[in-house]
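Coordinate analysis (summary)
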Amino acid sequence: LATKAGRNAAVSAEESVHEGSQLLLSACLSCDGCLTEEESLKISQQSLQEVERVLALNKKCDVSKHKVLVASICPQSLPFFAVKFGLDVTEAAHKLCGFLKSLGVQYVFDTTLAAGFSILESQKEFIQRYRRRHHDTHAMPMFTSSCPGWIRYSERVLGSLVTPHICTARSPQQIMGCLVKDYFSKQQKLSPEKVYHVLVAPCFDKKLEAVREEFYNSLLETRDVDCVLTSGEIYCLMEQRKVSVEGPDSVPLDHVLGEAGDVALVRHEGRGSEGFLEHIFKHAAKELFGLDVHEITYKNLRNRDFQEVTLERDGETLLQFAAVYGFRNIQTLVHRMRKGRVPYQLVEVLSCPGGCLSGRGQAESEAGGRVDKALVQQMEEAYSSLPVRLPEVNPALHTLYQDWLQGQDSSQASALLHTQYRNQTQSHTQPPHMQW
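Keep in mind that what you see is a predicted model, and the values were worked out from it rather than measured.

**Some remarks on the overall build of the protein**
What the protein contains, in helices and strands, is 14 helices and 13 strands. Taking contacts inside the protein between residues at least 6 apart in sequence as the whole, the part at least 24 apart equals 73%. Of the roughly 19000 Å² of accessible surface on the protein, 48% is carried by carbon and sulfur atoms.

Here's what the structure looks like:
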């Protein structure tokens, strides 16, 4: 799903090619067979060279071509820099911010706020789907929508079996795109096309998400996210420029709302992703059954990447959720779906084994081809050191719902925080030699 040059690094799965000529399902994301030429061209522009081209234009005299550069950093990318720098997550974020600003980036944000929107909207949609489950066959199970590798596979291969079940809430990346290009640009009195928005993510597949047609404003010829760079690409740039950890000044991240002072870095619940399952589970337990859930117990099924969570009362099972990571486990889920044997109301699906921290844009070993397990463990420890903050109690979200979106149930909120996923299966998507 990434550029041809980097596609092997972009495999969001455990293996790529089986001995002989048979291709495993887990090789799906290393194959660019479902990319059009136009998509390949767009993804090739998601590069350091493109960012450097924009930075170079800002140094020239023609002010009409100048752009305000904004960088948004995924919270799952920050532990990578913390480990590489030998610092805690907040200190690493400040060093990274200082480096980006030394390049010419004017504003640097953390995307946790956007993830909060995505979680709240997913919670609301789950409750709506649950309440119509008896007369809507597509209401349950609901699949999470934040992973672009999973979305691509669903749309292009699984089609109508899965797409009606995918939550319509936009991913944190694309909500951040709206925040920057719609809200922030207005606050700065800038037209959206005058803002160049770079997003730093742990995953190559996020590049493909950024070029989806629905996230492009044809009137203004601008994307919500202009360029996705992986954590590894940023780190390589630092190495090319011989920037050591002592080099950049420590600069606090910026507030989307324009407030003064440092941004307090927090995380959402969950072991290394945005914690959609945990947040939706606790919200549903309270909203639907009046039960307060403080601790969630995961039950390993096939492995650590296929887990189950159950809510029970007086021996009765009220809710059953699952977390399914990696294409081997996704395939098991798909088999059960085809046979009508999925007992879950919600499934958090991520294409990378281990979740977002294990994205191949930052977790691959230096030898290439395999995940660096020691690095992932260090990143998990760094990530878990951040304090948890529920999006429900984040005052910035409440402010933005009112000032930006005109309320939580407004047409503006629906338009900017949601999207649609559709069946795009093609007759020759699955060649006969492929074993799914």
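**Side note on the sheet that holds strand β10 (residues 306-313)**
Strand order in the open sheet formed by five strands is β4-β12-β11-β10-β9, and the pairing between neighbours is mixed. For this open sheet the edge positions go to β4 (142-143) and β9 (299-303), each flanked by a neighbour on one side alone. Where β9 lies against β10, three bridges are found, and the strand directions are antiparallel. The residue of β10 that forms the bridge with Asn300 is Gln307. Across the sheet, helix α10 (residues 276-289) touches β4, β10, β11 (316-325) and β12 (346-350), and the angle it forms with β11 is around 165°.

**Details of the nonpolar core**
In this structure, Phe126, Phe143, Trp150 and Leu319 are the most contacted members of the largest nonpolar core, which totals 49 residues. Residue assignment for this core shows that the elements contributing at least two residues are α5 (112-131), β4, α6 (148-158), α10, β10, β11, α11 (327-338) and β12. Ranked by the residues each element gives to this core, the list is headed by α10, at eight residues. Sequence-distant contacts of Phe143, defined by excluding residues within four places in its chain, comprise Trp150, Val162, His165, Ile166, Cys167, Leu333, Met337, Val347 and Val349. Counting 42 residues, the second largest nonpolar core, distinct from the first, contains Val51, Leu69, Ala92 and Leu375.

**Points about the sheet that holds strand β5 (residues 195-201)**
Judged by pairing direction, the sheet is parallel, and its four strands sit side by side in the order β3-β2-β5-β8 without closing on themselves. Where the open sheet ends on each side, the last strands, each with one partner, are β3 (107-110) and β8 (227-230). Strand after strand, the sheet turns through a mean of 25° between neighbouring axes, direction not considered. The pairing of β5 with β8 spans four bridges and is classified as parallel. Within β8, the position partnered with Val200 by the bridge is Leu229.

**Some thoughts on helix α12 (residues 373-384)**
In this model, α12 (12 residues) spans 16 Å end to end at C-alpha, consistent with the 16 Å of a helix rising 1.5 Å per residue. Of all the residues in α12, the buried ones are Leu375, Val376, Met379, Glu380, Ala382 and Tyr383. Taken around the axis of α12, the buried residues stretch over an arc of 165°, which confines them to a single face. On its buried face, α12 is in contact with α3 (78-85) and α4 (89-103). The opening residue of α12 is Asp372, an N-cap whose side-chain oxygen sits 3.3 Å from the backbone nitrogen of Ala374.

**Focus: the pattern of salt bridges**
This model, assessed by the stated rule, comprises 21 salt bridges. Lys181 is the partner of Asp226 in a salt bridge, and the nearest nitrogen-oxygen pair spans 2.8 Å. Of this pair, Asp226 sits in the loop between β7 (222-223) and β8 while Lys181 is found in helix α7 (residues 172-187), placing the two residues 45 residues apart along the sequence. Considered together, Asp226 and Lys181 belong to a single accessibility category, that of buried residues. A salt bridge links Asp292 to Lys286, with the nearest nitrogen and oxygen atoms 3.3 Å apart. Through salt bridges with shared partners, a single network forms among Glu155, Arg212, Glu214 and Arg422.

**Re the environment of Val243**
With respect to the helices and strands, the residue Val243 is situated in the loop between α9 (231-240) and α10. Each C-alpha atom, one on Val243 and one on Phe99, is 8.4 Å from the other, the two residues being 144 residues apart in sequence. With sequence-adjacent residues up to four places away left out, Val243 is seen in contact with Phe99, Met238 and Pro248.

Rules of the game
Residues numbered from 1 in each chain as written. Predicted model: local features only at pLDDT ≥ 70, side-chain atom pairs only at ≥ 80, totals over all residues. Heavy atoms only, no water. Helix = DSSP H or I, 4+ residues; strand = E, 2+ residues; numbered from the N terminus. Contact = heavy atoms within 4.5 Å. Areas by Shrake-Rupley, 256 points an atom, 1.4 Å probe, with all protein chains shown as cover. Pairing = 2+ DSSP bridges. Axes fitted to C-alpha atoms, helices over the stretch in contact; angles between N-to-C directions. Core = buried A, V, L, I, M, F, W, Y, C linked by side-chain atoms within 4.5 Å. Buried < 20%, exposed > 50% of the residue type's maximum accessible area, 1.4 Å probe, protein only. Expected span 1.5 Å × (residues − 1). Arc of directions from axis to C-beta. Polar contact = N/O pair within 3.5 Å; in protein donor to acceptor, adjacent residues only side chain to side chain. Salt bridge = Lys/Arg side-chain N within 4 Å of Asp/Glu carboxyl O.

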